[in-house]
Amino acid sequence: MRAGLAQHPAALDTRPLGATFGAELHDFPIAGDLPEATVDAFRAALHRHGVLLLRDVPNDPAALVGFSRRLGTLEMHSASAHTHPDHPEIFCVGNYADDRMRANFATGVEQWHADSSFRDTPSACSLFYGAICPPEGGETWLLDAVTAYAELPPALRARIAWLNAVHDLNTLSEWNRRHTPGKPPLSEEARRRFPPVTQPLVRRHPATGRPSLFICPAVISHVEGLPPAAGHALIAEVMAHATADRYVYRHQWRAGDLVVWDNLSTLHTATLFDHERHQRLMFRTTVAG
Ligand SMILES: [Fe+2]
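Note that the structure is predicted; figures quoted are calculated from it, not measured. Each chain has its residues counted from 1, following the order in which its sequence is written. Note on the predicted model: pLDDT of at least 70 is required for a residue's local features to be given, and 80 or more for side-chain atom pairs to be given and counted; whole-chain, interface and lining totals, by contrast, use all residues.

> Mind showing me how you'd approach the overall build of the chain here?
On a plain count of helices and strands, the chain comes out with seven helices and 15 strands. For the chain, the C-alpha radius of gyration of 18 Å lies close to 19 Å, the compact-globule estimate for 289 residues. In terms of overall dimensions, the chain has a C-alpha envelope of 50 × 50 × 35 Å along the principal axes. Per-residue burial for the chain yields a buried fraction of 40% across its 289 residues. Whether two residues are in contact is decided by their C-beta atoms, placed from the backbone, lying within 7 Å. Restricting the contact set of the chain to residue pairs at least 6 apart, pairs at least 24 apart contribute 78%. Numbering of helices and strands runs from the N terminus; a helix is a DSSP stretch of H or I covering at least four residues, while a strand is a stretch of E covering at least two. All radius of gyration figures rest on C-alpha atoms, and the globule criterion is 2.2 Å times the number of residues raised to 0.38. Think of it as a crowd count around each C-beta: if 20 or more other C-beta atoms lie within 10 Å the residue is buried, if 12 or fewer it is exposed, and in between it is partly exposed, with C-beta placed from the backbone throughout.

> Quick question: what am I supposed to make of the nonpolar core here?
Side chains that are nonpolar tend, in soluble globular proteins, to be buried together. As used throughout, a nonpolar core is a set of buried Ala, Val, Leu, Ile, Met, Phe, Trp, Tyr and Cys residues joined through C-beta atoms within 7 Å of each other. Core analysis: the largest hydrophobic core is formed by 66 residues, its most contacted members being Val51, Leu52, Tyr129, Leu143, Ala145, Leu213 and Val260. The greatest single-element share of this core, amounting to five residues, is contributed by strand β5 (residues 125-132). Apart from the residues within four sequence positions on either side, Leu213 is in contact with Ala145, Ala148, Tyr149, Leu201, Val202, Val238 and Ala242.

> Explain the pairing of strand β13 (residues 258-262) here, please?
For a regular strand, side chains alternate in direction, first toward one face of the sheet and then toward the other. Across the five residues of β13, five count as buried, placing the element largely inside the fold. Because side chains alternate across β13, one face comprises the buried residues Leu258, Val260 and Asp262, and the other comprises Val259 and Trp261, equally buried. The pairing of strand β3 (residues 51-54) with β13 spans four bridges and is antiparallel. Considered in β13, the bridge of Val51 is made with Trp261. By the convention used here, strands pair only if DSSP detects at least 2 bridges between them. Bridge analysis of β5 against β13 gives five bridges, and the strand direction is antiparallel.

> Help me understand the confidence of the model for the chain in this model?
Caution is warranted with low-pLDDT regions, since their predicted coordinates should not be read in detail. pLDDT runs from 0 to 100 and stands for how confident the predictor is about each residue. Chain-level pLDDT for the chain is 93 on average; 96% of the residues reach the 70-or-more range. Note on residues 3-9: pLDDT under 50 across the span, and five contacts to partners over four residues away in sequence or across chains.

> Could you clarify how one ought to interpret helix α5 (residues 169-179) in this entry?
The α-helix winds at 3.6 residues per turn, so residues separated by three or four positions along the chain end up facing the same way. Buried within α5 are the following residues: Leu169, Thr171, Leu172 and Ser173. Close packing links the buried residues of α5 with α6 (188-193) and β11 (220-223).

> Could you clarify how one ought to interpret the pairing of strand β7 (residues 164-167) in this entry?
Taking every second residue as pointing to the same face, the buried face of β7 carries Ala165 and His167, while none of Asn164 and Val166 on the other face is buried. Direction of pairing for β7 relative to strand β8 (residues 197-200): antiparallel, over a ladder of four bridges. Bridging across to β8, Val166 finds its partner in Thr198. Sheet analysis places β7 next to β11, joined by three bridges and oriented antiparallel. When the sheet's bridge partners are listed, Val166 is paired in β11 with His222.

> Would you mind showing me how to read the sheet that holds β3 here?
Note on sheets: strands pair through backbone hydrogen bonds, and any given pair is parallel or antiparallel. Strand order in the open sheet formed by seven strands is β1-β2-β3-β13-β5-β15-β4, with mixed pairing between adjacent strands. The outermost strands of the open sheet, each flanked by one partner alone, are β1 (13-16) and β4 (91-94). Strand-to-strand twist of the sheet, defined as the mean angle between neighbouring strand axes without regard to direction, takes the value 25°. Think of each axis as a best-fit line through the C-alpha atoms, taken over the contacting stretch in the case of a helix, with angles from 0 to 180 degrees between the N-to-C directions. Packing against the sheet, helix α2 (residues 61-71) makes contact with β5 and β15 (281-287), and its axis sits at approximately 25° to β15.

> Any chance you could explain the sheet that holds strand β6 (residues 140-144) here in plain terms?
On the basis of which strands lie adjacent, the open sheet formed by three strands has the order β12-β6-β14 and antiparallel pairing. Two strands close off the open sheet at either side, each with one partner strand: β12 (248-251) and β14 (266-270). In this sheet, neighbouring strand axes are inclined to one another by 20° on average, regardless of whether the strands run parallel or antiparallel. The pairing of β6 with β14 spans five bridges and is classified as antiparallel. Bridged to Trp141 within β14 is Thr269.

> Is there a simple way to think about unusual backbone geometry in this case?
Trans is the common state for peptide bonds, and a negative phi is the common state for residues other than glycine. The phi dihedral of Asp56 falls on the positive side, at around 55°, and the residue is not glycine. The exposed category is assigned to Asp56, around which 9 C-beta atoms lie within 10 Å. Unusually for a residue other than glycine, Ser116 sits at a positive phi of about 60°. Tracing the chain through its elements places Ser116 in the loop between β4 and β5. Classification of Ser116 as buried rests on a count of 25 C-beta atoms within 10 Å.

> What exactly am I supposed to notice about the environment of Ser126 here?
By the secondary structure assignment, Ser126 is in strand β5. On the basis of neighbour counts, which here come to 22 C-beta atoms within 10 Å, the residue Ser126 falls in the buried class. Sequence separation of Ser126 and Ala114 is 12 residues, and the distance between their C-alpha atoms is 9.3 Å. Not counting chain neighbours up to four residues away, the residues in contact with Ser126 comprise Asp115, Trp261, Asn263, Arg284 and Thr286.

Shown next, in the form of structure tokens:
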């Protein structure tokens, strides 16, 4: 468990998930009118652990949106074609489709990232709910970007300490197009809404003050001040360290799981699944930073 944070007074029932971070949270119903102190305790636990897993959460999109809103203002996703028909705050992921909903489906292996890094103000946290989960594959892997940073070789830590990178939704879109044939290019409208933004490679968490790696290889067009190839090589070197098993928690989904991650201290990625044989439908809400 990450050290250095005081236990919140309203103790929640948590058990560790990964070697260095993450916790399963027991007996925490998200529906209904939760007292502010309970929401505060949840937020403190999220900052402390980086990732919280809740099991057997009923499939109730309205409750998911309601609880997400208690954590902050919700982002509206850049790909509005794949939002929930009754709850535009919910981005639907997977191969599920019916006449009202078409989840966002990609066949490329996703890269490590924090959600919305291409926004001026990146997302604070995301809530990801498994409505229909394949029996295998379709995993979510999460990475402890705080401990991975703290345990970087000192010389490498010094090299990245003051560098900035340019995060660009169009870079991500082109990456996706290379891996998912037939995907259309990013619209002009989206390019205007999300121009490239500069982000530090190492950032400090606004609530905890802890530094962490903020590196999203498929979203970064280049590292400022370095030739493109040198920038990408530096990113690859850091990520080779950061993706060691010790810093990664691999979540195998069960329908009814809700995984909440702190986008300001973790990175995540997905694994493929057999989309010819299995269905998958996930609901994501994203809390603005
Ligand atoms: Fe994501």
